[in-house]
Amino acid sequence: MDLRAIAMGLTFALMWSSAFTSARIIVVDASPLFSLAMRFLISGVIGVLIARALGQTWRLTSGQWKATIVFGVCQNALYLGLNFVAMQWIEASLAAIIASTMPLLVALASLIVFREKIRPLGLLGLVAGVAGVGLIMGTRIGAGVDLVGVAFCGLGVLALTAATLALRGATSGGNFMMVVGLQMLIGSAVLFPAALTFETIRVDPSWPLAIAFIYTTLVPGLAATLIWVMLLNRIGAVRAATFHFLNPVFGVAIASILLGERLGMLDVVGVGIVTLGILAVQLSRQPATRTAPMAPGLSARAD
């Protein structure tokens, strides 16, 4: 993994993790599904216009169309839609922790459903991740967390897990900005009818709402998704997913700094355990590096 890929991964993790805090700010003054649908509509239009300006086309490969539709529905509409709704009742830090379990769920499903072999380090990571989540949830339930909000976040991360498992390697083929823009428009097309059906549309104008909406539209919404698609194409899904181990740390830290959400000692310990568990799982899934025999007199070089 080169330095550019590392920089892309760190930037993605920071942007993606910040979305939970901005979403929490938005749902205070606006109905969640409607605001998310508007965000995707604006992001999608901007993405498609930028793609066209760059000479990209919507003549995607069959794999890209499949990825665009599935992620548009599962990631943008279901995963983020359910998270936005849940954010009315639970803190951004807890939503970030639940969402960060996606790599653990992918590894667990690969083990159970697809019978993929997992190394001892991966099994240890799974056990640690489950233990860390259990520690955090036990603390939060004891403090009276809203279980409906937790359930919505859980359903959302399951939808994202299913999409991730279904679309391995389906993002290659170029036209990355077009793929991102079309994903946003598909999410918007699904969410607008859902908003009209399930919620009373409300928008209470305020500066925090305006700033959070603009930020989440351009940064986690458009820029982070583009970086993620480019990272997948550059280093592959398995290596790229390693950066998800930073999400619980970044998500909790940003929520604490900007929203003043307090964390108990058990929360901090739980986040640390989950983070290490995700890292262990992702490292265990890295392909083994084969070292070629060196001729006498030659030394190894680290790239």
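Everything below is about the structure shown above.
Residues numbered from 1 in each chain as written. Predicted model: local features only at pLDDT ≥ 70, side-chain atom pairs only at ≥ 80, totals over all residues. Heavy atoms only, no water.

## Description of the pattern of salt bridges
Then, in step 1: The tally for this structure, following the rule as stated, stands at three salt bridges.
Then, in step 2: For Arg-140, the salt bridge identified is with Glu-91, shortest N-O distance 3.6 Å. Taken together, the positions of Arg-140 in helix H6 (residues 120-142) and Glu-91 in the loop between helix H3 (62-86) and helix H4 (92-99) put the pair 49 residues apart, joining distant regions of the chain.
Then, in step 3: Close ionic contact of Arg-140 with Asp-267 constitutes a salt bridge, the shortest N to O distance being 3.3 Å. With Arg-140 in helix H6 and Asp-267 in helix H12 (residues 265-284), this residue pair connects regions lying 127 residues apart in the sequence. (Salt bridge = Lys/Arg side-chain N within 4 Å of Asp/Glu carboxyl O. Helix = DSSP H or I, 4+ residues; strand = E, 2+ residues; numbered from the N terminus.)

## Structural notes on the nonpolar core
Then, in step 1: Formed by 83 residues in total, the largest nonpolar core has its most connected members in Phe-20, Ile-90, Leu-94 and Leu-231.
Then, in step 2: The element best represented in this core is helix H9 (residues 207-235), accounting for eleven residues.
Then, in step 3: Not counting the four nearest positions on each side in its chain, Phe-20 is found in contact with Tyr-79, Asn-83, Met-87, Ala-92, Ala-95, Ala-96 and Ala-99. (Core = buried A, V, L, I, M, F, W, Y, C linked by side-chain atoms within 4.5 Å. Buried < 20%, exposed > 50% of the residue type's maximum accessible area, 1.4 Å probe, protein only. Contact = heavy atoms within 4.5 Å.)

## Focus on helix H11 (residues 247-259)
Then, in step 1: In a regular helix each residue adds 1.5 Å, so 13 residues correspond to 18 Å; H11 covers 17 Å between its end C-alpha atoms and thus fits that length.
Then, in step 2: Within H11 the residues assigned to the buried category are Asn-247, Pro-248, Gly-251, Val-252, Ile-254 and Ala-255. Along H11, the residues classed as buried sweep out an arc of 165° about the axis, all on the same side.
Then, in step 3: Phi turns positive one or two residues past the end of H11, at Gly-260, with a value near 70°. (Expected span 1.5 Å × (residues − 1). Arc of directions from axis to C-beta.)

## Things to note about H4
Then, in step 1: Within H4, eight of the eight residues are buried, which leaves the element mostly enclosed by the surrounding structure.
Then, in step 2: Three or more residues of H4 are buried, namely Ala-92, Ser-93, Leu-94, Ala-95, Ala-96, Ile-97, Ile-98 and Ala-99.

## Re the packing of helix H1 (residues 3-29) against H9
Then, in step 1: Running from N to C, H1 and H9 point in directions that differ by 150°, and their axes come no closer than 8 Å. Relative to H9, H1 is oriented roughly antiparallel. Classified by chirality, the crossing of H9 by H1 is left-handed.
Then, in step 2: Looking at side-chain class alone, the contact of H1 with H9 contains 22 nonpolar, five polar and three charged residues. (Axes fitted to C-alpha atoms, helices over the stretch in contact; angles between N-to-C directions. Parallel < 35°, antiparallel > 145°, perpendicular 65-115°, else oblique. Left-handed = near helix turned anticlockwise from the far one by under 90°. Nonpolar A, V, L, I, M, F, W, Y, C, P; charged D, E, K, R; others polar.)

## Section: a nonpolar patch on the surface
Then, in step 1: Taken together, the side chains of Leu-41, Ile-42, Val-45 and Leu-49 make up a nonpolar region of the molecular surface, amounting to roughly 310 Å² of accessible area.
Then, in step 2: Relative to the elements of secondary structure, Leu-49 occurs in helix H2 (residues 32-53).
Then, in step 3: Judged by its relative accessible area of 57%, Leu-49 is exposed. (Patch = residues over 30% accessible without salt bridge, like charges linked within 9 Å, V, L, I, M, F, W, Y side chains within 5 Å. Areas by Shrake-Rupley, 256 points an atom, 1.4 Å probe, with all protein chains shown as cover.)

## Quick look at the environment of Asp-2
Then, in step 1: As for its position among the elements, Asp-2 is in the segment before H1.
Then, in step 2: By relative accessible area, which is 35% here, Asp-2 ends up partly exposed.
Then, in step 3: Along the backbone, Asp-2 and Ile-235 are 233 residues apart, and their C-alpha atoms lie at a distance of 9.1 Å.

## Structural notes on the packing of aromatic side chains
Then, in step 1: Overall, the coordinates contain five aromatic pairs when judged by the stated rule.
Then, in step 2: Seen from their ring centres, Phe-34 and Phe-192 are 6.2 Å apart, and the 70° between their planes marks the pair as edge-to-face. Taken together, the residues span a long stretch of sequence, with Phe-34 in helix H2 and Phe-192 in helix H8 (residues 176-198) at a distance of 158 residues.
Then, in step 3: Here Phe-34 falls in the partly exposed class, since its relative accessible area comes to 22%.
Then, in step 4: Measuring from centroid to centroid gives 5.9 Å for Trp-89 and Phe-152, while their planes differ by 65°, and the two rings are edge-to-face. On the criterion of sequence distance, the pair formed by Trp-89 in the loop between H3 and H4 and Phe-152 in helix H7 (residues 147-166) is long-range, its members being 63 residues apart.
Then, in step 5: Relative accessible area serves as the criterion here: at 24%, Phe-152 is assigned to the partly exposed category.
Then, in step 6: Three or more aromatic residues joined by ring pairs form one cluster here, namely Phe-12, Trp-16, Tyr-79 and Trp-228.
Then, in step 7: Between Arg-52 and the ring centre of Trp-58, over which it is positioned, the NZ or CZ distance is 5.1 Å. (Phe/Tyr/Trp six-rings, centres within 6.5 Å; stacked < 30°, edge-to-face > 60°. Lys NZ or Arg CZ within 6 Å of the ring centre and 35° of its normal.)

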